[in-house]
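Overview (structure and organization)
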Amino acid sequence: MKKLYGVVSIILTLLSTSVLAETLLPDNDCADKGFLAEVFMDGRQNEALLSEVIASINESYDNGELTFKESKWSISLALMAYEEPVSIGSEEQTRAKKMFRNKIELECYMELSK
């Protein structure tokens, strides 16, 4: 349970700092977006509550820390992470996080190559 709160804390910290806003800017590296995807999947794998994650995104929007577009992108990414099952065992959870990160990075790089 302690680890779960740590993950939620990391997500909340990212959402309340410029890290997330910088990650969502169009000229940023796809690896940065992948990093954020991995953070959301870490929350998923540690069974952080989706409602808390979305509430923190909405709070960051309400506080002016995220634009409307950034908040929608963040919610979309969180929903994508939570569509994935929770893996059993730390090795499988690590694998799930890396696979999700690669998926998001692939989509980003594909979009850039158009």
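Please refer to the structure placed before this passage.
Below, the structure is looked at part by part. It should be emphasised that the depicted structure is a prediction, and the values quoted were computed from it without experimental measurement.

A look at the packing of helix α3 (residues 30-45) against helix α5 (residues 68-82)
In contact at an axis separation of 9 Å, α3 and α5 are set at 50° when each is read in the N-to-C sense. Accordingly, the angle class assigned to the pair α3 and α5 is oblique. Note on packing geometry: the crossing formed by α3 with α5 is right-handed. Facing α3, whose interface residues are Lys33, Leu36, Ala37, Phe40, Met41, Gly43 and Arg44, α5 presents Trp73, Ser74, Leu77, Ala78, Ala81 and Tyr82.

Comments concerning α3
Turn by turn, an α-helix covers 3.6 residues, leaving residues three or four places apart pointing in a common direction. The end-to-end C-alpha separation of α3 is 22 Å, in line with the 22 Å expected for 16 residues at 1.5 Å each. Taken as a whole, α3 has its buried residues at Cys30, Lys33, Gly34, Leu36, Ala37, Val39, Phe40, Met41, Asp42, Gly43, Arg44 and Gln45. One side-chain oxygen of the residue at the start of α3 lies 2.6 Å from the amide nitrogen of Ala31, identifying that residue as Asp29. Positive backbone phi, approximately 60°, marks Glu47, located one or two places after α3.

Cut-offs applied
- Residues numbered from 1 in each chain as written.
- Predicted model: local features only at pLDDT ≥ 70, side-chain atom pairs only at ≥ 80, totals over all residues.
- Heavy atoms only, no water.
- Axes fitted to C-alpha atoms, helices over the stretch in contact; angles between N-to-C directions.
- Helix = DSSP H or I, 4+ residues; strand = E, 2+ residues; numbered from the N terminus.
- Parallel < 35°, antiparallel > 145°, perpendicular 65-115°, else oblique.
- Left-handed = near helix turned anticlockwise from the far one by under 90°.
- Contact = heavy atoms within 4.5 Å.
- Expected span 1.5 Å × (residues − 1).
- Buried < 20%, exposed > 50% of the residue type's maximum accessible area, 1.4 Å probe, protein only.
- Polar contact = N/O pair within 3.5 Å; in protein donor to acceptor, adjacent residues only side chain to side chain.

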